[in-house]
Structure formats: C-alpha cells, structure tokens
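Single-letter residue listing:
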Amino acid sequence: MLHESVRRIGVFGGTFDPPHLGHLVAASEATFRCGLDEVVFVPTGDPWQKHHLDVTRASGRLAMTRLAVGSDPLFRISTCDIDRDGPTYAIDTVADVRAEYDHEVDLYFILGADSLENLHTWHRVEELCKAVKFIALNRPGYSRKDVDTSFGVDVQFIDMPAVDVSSTECRQRVRDGEPVRYLLPRPVGEYIAEHALYRD
Ligand code: ATP
C-alpha cells in the first residue's frame, strides 16, 4: 500500500499591521530551507502582547495580508485567530490550523528572532513545544541568543537575507508622509492609501 508522506506546514502568526517584505522573505526562506509544502499566514485576533497599542482592526489586517500573499501557491491564509473570541495564543492557533486539514500534518511555527526571545513567556509553552517544531529567522537588531531548551523546544535557525523592515517603521513612514514603496507589496501600499491607515 502506498503511504503519502506527511505534509510539512509552516504556521506564520503575526499582527501583519501591515504585512511587509520581511514577512514574505521569511516565509519564502522557511519554505525553501525546511522543505515546507505550504505556509499558512495567520493574522492575529486580539494580540495580547500588543493590547496596549493601537492595532488596526482585524478586517483591515486580514485584507492587507490577503493582498500581500496574493496568488502565491505556496502561501495561504487562515482566519482562525480572528474567528476565535478572546486573546490569541499560539497553542490555539496550531490546534485550529491542524484541524483545517483532513490528513496528518507536521506543523512548523515560523517566527523572527525577536519573538523567540520571549518564547518562554508564551501561554502553555510546554504543550506548544510538543505540538510543533519552530523555525526561527534572523532579524536585524536581534542576535541569535541561546534559547532556553529546558521545556523541550525544537528550533531550527535559518539565516535569511536580512530585511531591515518592520511594521512599526512602515506605519511611521506613512504617518510622516515618507514612501513605503518596495518595503510593502504594492497592493498593500495602495490599500493603506485608500483607507487612510496610519494617519493620526
Ligand atoms: P511591529 O513592528 O508592529 O512589532 P513586525 O514587523 O514585528 O511588527 P509582526 O506581524 O509582529 O511584524 O511579525 C510577525 C512575525 O514575523 C514575527 O515572528 C516577527 O518576528 C517576524 N518578522 C517580522 N518582520 C521580520 C523581518 N524583517 N525579518 C524576519 N522576521 C520578521
């Protein structure tokens, strides 16, 4: 009997406010280096780590993420974090993404080196580490720190071509009337202009 090999799925959670080239290069590089079959972009619902900040409504962030991903056959979007009430926790994200497949999958949680720094504070992190492997990408300004592996984290580091872009910087540039061309996919820039996002 033929057994299909288990598909390898990247789970890429983010606020994506807005999605930028750093996100796309990170997802692409993770796909290539780790032999992923696809990457699922999961825009966060209520970001518990950023609840003190002004975050664009989920519908807008989802629309921009859809525009950023476009028709790339290796990328898709899950709305599971937006559809679920309450704060977004990665442990729920991976359970919901897994449930979107009707066959067995191996999940790889993709994150930047900055997010890895505080992994030990994540909700039910020990369970999360049993459910997924992590793919961590370098990010300018963040060194590859030793990760506390005492709770059994399996993390593969990938050196992607450094992209020194953040959503914070993009929002600030829009606010200051500076160009974001080529820092964001063009349709995302158009959406921001059309909806007058990030202007005080
Ligand atoms: P903000 O500036 O608002 O904090 P951000 O640019 O960090 O946003 P997020 O949506 O919070 O974007 O990031 C989602 C994930 O993508 C995180 O794991 C983050 O570390 C990673 N990431 C974001 N930008 C980059 C980048 N330029 N290079 C590598 N990883 C990145």
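This text follows the structure it describes.
Residues numbered from 1 in each chain as written. Predicted model: local features only at pLDDT ≥ 70, side-chain atom pairs only at ≥ 80, totals over all residues. Heavy atoms only, no water.

**Student:** Describe the overall build of the protein chain, with residues and values.
**Tutor:** When you go through the protein chain residue by residue, the secondary structure sums to eight helices and six strands. Ordered by position in the sequence, the α and β elements of the protein chain form the string β-α-β-α-β-α-α-β-α-α-β-β-α-α. The globule rule puts the C-alpha radius of gyration for 200 residues at 16 Å, and the 17 Å found for the protein chain is close to it. Overall, the protein chain is about 55 × 40 × 35 Å in size when its C-alpha atoms are taken along their principal axes. For the protein chain, long-range pairs separated by at least 24 residues make up 71% of all intrachain contacts whose partners lie at least 6 apart in sequence. In the form shown here, the protein chain has an accessible surface area of approximately 10,900 Å², with 49% of it arising from carbon and sulfur atoms. (Helix = DSSP H or I, 4+ residues; strand = E, 2+ residues; numbered from the N terminus. Rg over C-alpha atoms; globule rule 2.2 N^0.38 Å. Contact = heavy atoms within 4.5 Å. Areas by Shrake-Rupley, 256 points an atom, 1.4 Å probe, with all protein chains shown as cover.)

**Student:** Tell me about the site of the ligand, and please be specific about residues and values.
**Tutor:** In the vicinity of the ligand, 22 residues are found, and the nearest of them are Asp114, Arg139, Val163, Ser167 and Thr168. Note that an oxygen atom of the ligand is positioned 3.0 Å from one of the backbone N or O atoms of Gly112. Contact between the ligand and Ser167: an oxygen atom at 2.8 Å from a main-chain N or O atom of the residue. For the ligand, whose free accessible area comes to 600 Å², the fraction covered by protein is 90%. At the level of secondary structure, the elements contributing two or more residues to the shell around the ligand comprise β1 (7-14), α1 (21-34), β4 (105-112), α5 (113-116) and α7 (167-175). Each residue belonging to the shell around the ligand can be placed in one class, and the counts come to six nonpolar, twelve polar and four charged. (Near = heavy atom within 4 Å. Polar contact = N/O pair within 3.5 Å; in protein donor to acceptor, adjacent residues only side chain to side chain. Nonpolar A, V, L, I, M, F, W, Y, C, P; charged D, E, K, R; others polar.)

**Student:** Run through unusual backbone geometry, naming residues and quoting values.
**Tutor:** Here Asp17 and Pro18 are connected by a cis peptide whose omega angle stands at 5 degrees. If you trace the backbone, Pro18 turns up in the loop between β1 and α1. Phi is positive for Tyr182, close to 75 degrees, though the residue is something other than glycine. With respect to the helices and strands, the residue Tyr182 is situated in the loop between α7 and α8 (186-194). On the accessibility criterion, Tyr182 (64% relative accessible area) is exposed. At Tyr198, a position not held by glycine, the phi torsion is positive, near 65 degrees. (Buried < 20%, exposed > 50% of the residue type's maximum accessible area, 1.4 Å probe, protein only.)

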